[in-house]
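# Observations on the model geometry
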Amino acid sequence: VQLQASGGGLVQAGGSLRLSCAASGRTFSRYGMGWFRQAPGKEREFVAGISWRGSSTYYADSVKGRFTISRDNAKNTVYLQMNSLKPEDTANYYCAAREFVMPTTTFYDFWGQGTQVTVSS
């Protein structure tokens, strides 16, 4: 499966962004999806995950209550709605896929390119 992330940009603290990740190449509905991020000088960290049917989600504590992951299997797309953004959310955000995986996993097989999110104070 090929993944293409988009929707990043520059936003002020307290603002919102919605990231999208479009998938192609195989049956999207078979894949659990995740979002990760990596800030300069830091390791990549898990942000959120969603099951292949969209019935289960899981979030890192740092984004819980502010970010929402969702998917539209008809459009082969997973989303990350980010509200109440903070400067510490600044990072390159990546989407990832793995077949039939639960949203709590941090191990994925397929990765998209990143989309940069910058939150100014």
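Refer to the structure printed above.
Residues numbered from 1 in each chain as written. Predicted model: local features only at pLDDT ≥ 70, side-chain atom pairs only at ≥ 80, totals over all residues. Heavy atoms only, no water.

Attention now moves to the environment of Thr-106. With respect to the secondary-structure elements, Thr-106 resides in the loop between strand 9 (91-99) and strand 10 (110-111). Spatially, the C-alpha atoms of Thr-106 and Phe-36 are 8.9 Å apart, while their sequence positions differ by 70 residues. Excluding residues that lie within four positions of it along the chain, Thr-106 makes contacts with Phe-36 and Phe-46. (Helix = DSSP H or I, 4+ residues; strand = E, 2+ residues; numbered from the N terminus. Contact = heavy atoms within 4.5 Å.)

On to the pattern of salt bridges. Pairing between side chains becomes possible if they bear opposite charge and their charged atoms approach one another. The final tally for this structure, using the stated rule, is six salt bridges. Residues Arg-30 and Glu-99 are paired through a salt bridge, measuring 2.6 Å at the closest nitrogen-oxygen approach. Here Glu-99 lies in strand 9 and Arg-30 lies in the loop between strand 3 (17-24) and strand 4 (31-38), a separation of 69 residues in the sequence. Assessed through its relative accessible area of 36%, Arg-30 is described here as partly exposed. The class of Glu-99 is partly exposed, set by a relative accessible area of 32%. Lys-64 is the salt-bridge partner of Asp-61, the closest N and O atoms lying 3.1 Å from each other. A relative accessible area of 49% means that Lys-64 is categorised as partly exposed. (Salt bridge = Lys/Arg side-chain N within 4 Å of Asp/Glu carboxyl O. Buried < 20%, exposed > 50% of the residue type's maximum accessible area, 1.4 Å probe, protein only.)

Quick look at the sheet that holds strand 3 now. Within the open sheet, the four strands sit side by side as 1-3-8-7. Their pairing is antiparallel. The sheet is open, and its two edges are formed by strand 1 (2-6) and strand 7 (67-72), each paired on a single side. Geometrically, the sheet is characterised by an average inter-axis angle of 15° between neighbouring strands, direction not taken into account. Direction of pairing for strand 7 relative to strand 8 (residues 77-82): antiparallel, over a ladder of six bridges. Bridge pairing in strand 8 links Ser-70 to Tyr-79. (Pairing = 2+ DSSP bridges. Axes fitted to C-alpha atoms, helices over the stretch in contact; angles between N-to-C directions.)

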